[in-house]
Amino acid sequence: MGKTLFEKIWESHIVVEKQNGPSLIYIDRHLVHEVTSPQAFDGLRMNKRKVRRPDLTIATMDHNVPTNDRSLPILDQTSAVQIQTLEKNCKDFGIKLFDINSPNQGIVHVIGPQLGITLPGTTIVCGDSHTSTHGAFGALALGIGTSEVEHVLTSQTLWLEKPKSFEIKVEGKRKNPHAVTAKDIVLSIIKNIGTGGGTGTVIEYRGQGITDLSMEQRMTICNMSVEAGSRAGLIEPDEKAFDYLRGRQYTPKNYESLVDNWKEHLKTDSDAKFEKQFTLNINDIAPQVSWGTNPGMTCDVTESIPSPDEFSKGDPNQKKSAEKALEYMDLEPGTPITDIKIDRVFIGSCTNARLEDLIEASKVIKKQKISTNVKAMVVPGSQMVKKEAEELGLDKIFINANFEWREAGCSMCLGMNPDILSPGERCASTSNRNFEGRQGTGGRTHLVSPVMAAAAAIKGHFVDVRELDLS
Amino acid sequence: MEPFKKVKSIITPLDQVNVDTDQIVPKQFLKLVHKSGFGKFLFYNWRYDENEKIKPDFVLNDSKYNNSKILVTGDNFGCGSSREHAIWALLDYGFSVIIAPSFADIFFSNCFKNGFLPISLDQKIVEKLQQEVDIIEVDLETQIIKTSSEEISFKIDPYKKKILLEGLDDIAQTLQFENKISEFERKSKVPSVL
């Protein structure tokens, strides 16, 4: 029987295999950031251990960095200490760091591919659940905890149970690909399979709906695999993937011979069997808006807030969970999504802060200003994205519309830095999680695509972007 | 890591599904660079209101659960962020066992690195356990939970059981395979980053 792409990558990275239980898997790339690494480096020091492969390890600071003027000091002392700790750890253990002043600084999952560090067929880990993003290039990319960060730093390996393989086929063609985006595809998937639908699996996204997408859109899809509970999500690499990585700053010198090898080997065999399957047809899908406190609580922009009974379909736990979500979100069942007024707009995060996201969002603006009741910000995913966007004049489009134009970082996606919602504020956000308090204690998050977020900023409430001219 | 011992305690029922790690430890507490003292941040936004006053109707604020070591909760516990701070907070608060119908993958694997036992049981059994008011006993050695009225057996991967019972250092175990790792590296064609 044939093998899936995931199985091939898994098997080619087994260092030790046991009859029962986990396998020891080799890790090709380890990305490190300031929040989940300090305790791991402490562990190394305590046990007098070294970093085994500093040449396979790259660090940056993203979660906790301010996004305002980089020449100003960091006011929050605990944040400053965490950032200095990463600097010291990288220096002591010989790890390459893209610090707050580096032109390569940015969200770890944005800079990996942009620098050519992410490669097809590799295993990639990072102490961050959205590591699944790198799967867009046909890498097996896993989010890990701090103990595992320490384990990889020391041994360049991890003990892993083999996840099950999950095929998600995305069939059909979107009628208006500027209005219905990769974000809407992945939110539709999560809405259907649920936030635990992928637990214990690695998703392989397949079908025309996926191959039609650009690399940046594919990253949006793989990024949110973890919101369906999956360990990772990946896509068979094709010419688009190979082209994206060609000629980047850290693309390997023997790249073309690697590409020849990948073309031959990095495929799911036609007779391979997946352990789980789901198919989504995207011919008629609408822009999506989340209404609750997990990404599965999502509906079409044309719909109204569902009642807990409608949402739960008879499951008492889901019903209770929807009731709690509606109370937290201060929403009434039956309210049309387009009637929901917003206070804030956040265009950013490892899900949707790449150049293409910013270009698409800027098309909505067309010399309009954001609604007077709305505060809006754009936080590019990396300093490179910021620079490229500025070369295209996007910064001026956003600034003229009264958006704030910031430096790169995770920012209001998780609100570790000063970019947070105030209690009760309602935000249209291009990020990945609408959990209670995620963007600020008492803040209310609606997950949407960049074009939906930009349109909501202009109108002050959600609108169906299919009705706008986005050419 | 301390070896895992038999646990005897009343349970704390947290009757919710999809409890994410942002709720277990909110992000404002992730700036710390050490592992200790996270218990006071556990379920912070559910335990305290905006003015940092105790919310009396949240289960952890009910004093009868003060010495409970066993949290019994709903499906997909620990979803979301990979933050291991979630486990450090549960442990530091006093919990050492968590029982739910299912757990998110990263959270589940983080548990075993910290001597914390997650037990996955059928939904019906979990719902019944949530009603239990007497002391129960969780014995990892025999894989049995004893309540006042019954004995419930649970499954666990033998390697993970050994790690917990013996309090093994995962990394020290791995470094015994140094030869295999070096051999893999000699054959591997993956280029260095720099």
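This structure is a prediction, so every number in the text was calculated from the model and none was measured.

Rules and cut-offs
- Residues numbered from 1 in each chain as written.
- Chains lettered and ligands numbered in written order.
- Predicted model: local features only at pLDDT ≥ 70, side-chain atom pairs only at ≥ 80, totals over all residues.
- Helix = DSSP H or I, 4+ residues; strand = E, 2+ residues; numbered from the N terminus.
- Buried ≥ 20, exposed ≤ 12 C-beta atoms within 10 Å, placed from the backbone.
- Contact = placed C-beta atoms within 7 Å.
- Nonpolar A, V, L, I, M, F, W, Y, C, P; charged D, E, K, R; others polar.
- pLDDT = per-residue confidence, 0-100.
- Right-handed = clockwise from strand over helix to strand, strands pointing away.
- Pairing = 2+ DSSP bridges.
- Axes fitted to C-alpha atoms, helices over the stretch in contact; angles between N-to-C directions.
- Core = buried A, V, L, I, M, F, W, Y, C linked by C-beta atoms within 7 Å.
- UniProt positions renumbered as here; feature names shortened; annotations may be inferred.

So, about the overall build of chain A. Scanning chain A from N- to C-terminus turns up 16 helices and 19 strands. Once the C-alpha set of chain A is aligned to its principal axes, its extents read approximately 55 × 55 × 45 Å. The buried share of chain A, reckoned over its 471 residues, is 60%. For chain A, the share of sequence-separated contacts (at least 6 apart) that also reach a separation of at least 24 residues comes to 77%.

This part takes up the interface of chain B and chain A. Tallying the contact residues gives 50 residues for chain B and 62 residues for chain A. Sorting the residues of the side of chain B that touches chain A by element identifies helix 1 (21-24), helix 4 (105-112), helix 6 (158-166), helix 7 (170-175) and helix 8 (178-187) of chain B as the ones contributing at least two each. A class-by-class count of the residues in the side of chain B that touches chain A yields 19 nonpolar, 17 polar and 14 charged.

Turning our eyes to something else, we now look at the confidence of the model for chain B. For chain B, the mean per-residue pLDDT works out to 96, and 100% of the residues sit at or above 70. Interface confidence in the predicted complex, given as ipTM, is 0.96; pTM for the same model is 0.97.

Look at any regular strand and the pattern is simple: side chains alternate between the two faces of the sheet. All names here are of chain A. Counting buried positions along strand 10 (residues 201-206) gives 6 out of 6 residues, so the element sits mostly inside the fold. Residues Thr-201, Ile-203 and Tyr-205 point to one face of strand 10 and Val-202, Glu-204 and Arg-206 to the other, with burial holding for every one of them. Viewed along the sheet, the connection from strand 9 (residues 164-171) through helix 6 (residues 182-193) into strand 10 turns out right-handed. Bridge count between strand 10 and strand 11 (residues 232-234): 3 bridges; the pairing is parallel. The residue bridging Val-202 from the neighbouring strand is Ala-232, located in strand 11.

Tracing the chain through its elements places Gly-247 of chain A in the loop between helix 9 (239-245) and helix 10 (255-265). Separated by 160 residues in the primary sequence, Gly-247 of chain A and Glu-407 of chain A place their C-alpha atoms 25 Å from one another.

Now for the sheet that holds strand 5 (residues 117-120) of chain B. Residues and elements named next belong to chain B. Spatial strand order, 2-3-4-5: 4 strands in an open sheet with parallel pairing. With partners counted over all chains shown, the strands left at the sheet margins are strand 2 (11-14) and strand 5, one partner each. Averaged over all pairs of adjacent strands, the angle between their axes in this sheet comes to 20 degrees, without regard to strand direction. Direction of pairing for strand 3 (residues 70-73) relative to strand 4 (residues 97-100): parallel, over a ladder of 3 bridges. When the sheet's bridge partners are listed, Val-72 is paired in strand 4 with Ile-99.

Another point: unusual backbone geometry. With phi around 90 degrees, Ser-349 of chain A is a residue other than glycine that occupies positive phi space. Structurally, the position occupied by Ser-349 of chain A is in the loop between strand 15 (344-347) and helix 13 (355-365). Even without being glycine, Asn-18 of chain B reaches a positive phi, approximately 55 degrees. In this fold, Asn-18 of chain B is placed in the loop between strand 2 and helix 1. Among the residues examined, Asn-18 of chain B registers 26 C-beta atoms within 10 Å and is labelled buried.

This part is about the nonpolar core. All names here are of chain A. Counting 190 residues, the largest nonpolar core has Val-345, Met-452, Ala-453 and Ala-456 as its most contacted members. Counting residues per element, this core draws most heavily on helix 16 (residues 450-459), at 8 residues. Once residues within four sequence positions are removed from consideration, Ala-456 is found in contact with Ile-342, Val-345, Ala-428, Val-448, His-461, Phe-462 and Val-463.

Further remarks concern the sheet that holds strand 4 (residues 57-60) of chain A. Residue and element names in this part refer to chain A. Reading across the sheet, the 5 strands line up as 5-4-3-6-7 and stay open at both edges, with parallel pairing between neighbours. Two strands lie at the open edges of the sheet, namely strand 5 (96-98) and strand 7 (140-143), each paired on one side alone. Taken over all neighbouring pairs, the strand axes of this sheet differ in orientation by 20 degrees on average, direction set aside. The sheet contact formed by strand 6 (residues 123-126) and strand 7 spans 4 bridges and is parallel.

Our next topic: the pairing of strand 4 of chain B. Residue and element names in this part refer to chain B. Alternating residues of strand 4 divide into Val-97 and Ile-99 and Ile-98 and Ala-100, and every residue in both groups is buried. The sheet contact formed by strand 4 and strand 5 spans 4 bridges and is parallel. Looking at strand 5, one finds that Ala-100 is bridged to Ser-120. In this view, the connection linking strand 4 to its parallel neighbour strand 5 by way of helix 4 has right-handed handedness.

UniProt feature "domain: Aconitase A/isopropylmalate dehydratase small subunit swivel" (unreviewed entry): in the numbering of this structure it lies at residues 1-123 of chain B. Between the C-alpha atoms that bound residues 1-123 of chain B the distance is 31 Å, and the span itself is 21% helix and 15% strand.

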